[in-house]
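# Close look at the chain arrangement
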Amino acid sequence: MAILRLISLLLLVLTCAGVGAAELVVIVSARNPLSALRPEQVADIFLAQTGRFPGGDEAMALDLPVGSPLRDEFYNKVAAKSPALMKAYWTKMVFTGRGQPPRELANSIAVRKMVAENPSMIGYIDRAALDASVKAVLVTR
């Protein structure tokens, strides 16, 4: 467990230092029938515009914590929204009763584990955290 924390910390430091942008992957459980999603489909799920995958199955998004460089990069690339725009978006959605933000988990490993256990979940992680328990349905560069 300490090694995993060390690896996560190293990835965070490298990302923050600009040594190399992390390659993000949007993941679903290996048991989910999906093979690919378009960026706009992912954005619709993460922005609570839909609660379903394209085939009609339930979709529940999982997020990384506010302030995480991976989270900022994800929303910038998939939804073209900065952290400030995301905060304003969710404030409005919650206030008007039109949606709740995705559940937040501590890191890519926690997201991967939860997604692997539930075919209705979708998340995003650093590609380095990818394993056979999940599959990438979108790769951002």
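You'll find the structure just up there.
Residues numbered from 1 in each chain as written. Predicted model: local features only at pLDDT ≥ 70, side-chain atom pairs only at ≥ 80, totals over all residues. Heavy atoms only, no water.

### Overview of the overall build of the protein
Looking only at helices and strands, one finds five helices and five strands in the protein. The secondary structure elements of the protein, listed N-terminal to C-terminal, are α-β-α-β-α-α-β-α-β-β. Per-residue burial for the protein yields a buried fraction of 40% across its 141 residues. Summarising the internal contacts of the protein: among those between residues at least 6 apart in sequence, 73% fall at separations of at least 24. Carbon together with sulfur atoms contributes 60% to the accessible area of the protein, which is approximately 7,700 Å² in total. (Helix = DSSP H or I, 4+ residues; strand = E, 2+ residues; numbered from the N terminus. Buried < 20%, exposed > 50% of the residue type's maximum accessible area, 1.4 Å probe, protein only. Contact = heavy atoms within 4.5 Å. Areas by Shrake-Rupley, 256 points an atom, 1.4 Å probe, with all protein chains shown as cover.)

### Some remarks on the nonpolar core
In terms of nonpolar packing, the biggest core is built from 39 residues, with F74 and I122 touching the most fellow members. Sorting the residues of this core by element identifies β1 (24–29), α2 (39–46), β2 (60–63), α3 (69–79), α4 (83–95), α5 (108–117), β4 (121–126) and β5 (134–140) as the ones contributing at least two each. Beyond its immediate sequence surroundings of up to four residues, I122 is in contact with V26, I27, V28, L37, I45, F46, F53, M60, A61, L62 and V115. (Core = buried A, V, L, I, M, F, W, Y, C linked by side-chain atoms within 4.5 Å.)

### Thoughts on the sheet that holds strand β3 (residues 103–104)
The mixed open sheet is built from five strands, whose spatial order is β3-β2-β4-β1-β5. A single partner strand is all that each edge strand has here, and the edge strands are β3 and β5. By the bridge criterion, two bridges tie β2 to β4 in an arrangement that is parallel. Its bridge partner lying in β4, M60 is registered against M121. Sheet contacts for α2: β1, β2, β4 and β5; angle to β4, the most-contacted strand, approximately 115 degrees. (Pairing = 2+ DSSP bridges. Axes fitted to C-alpha atoms, helices over the stretch in contact; angles between N-to-C directions.)

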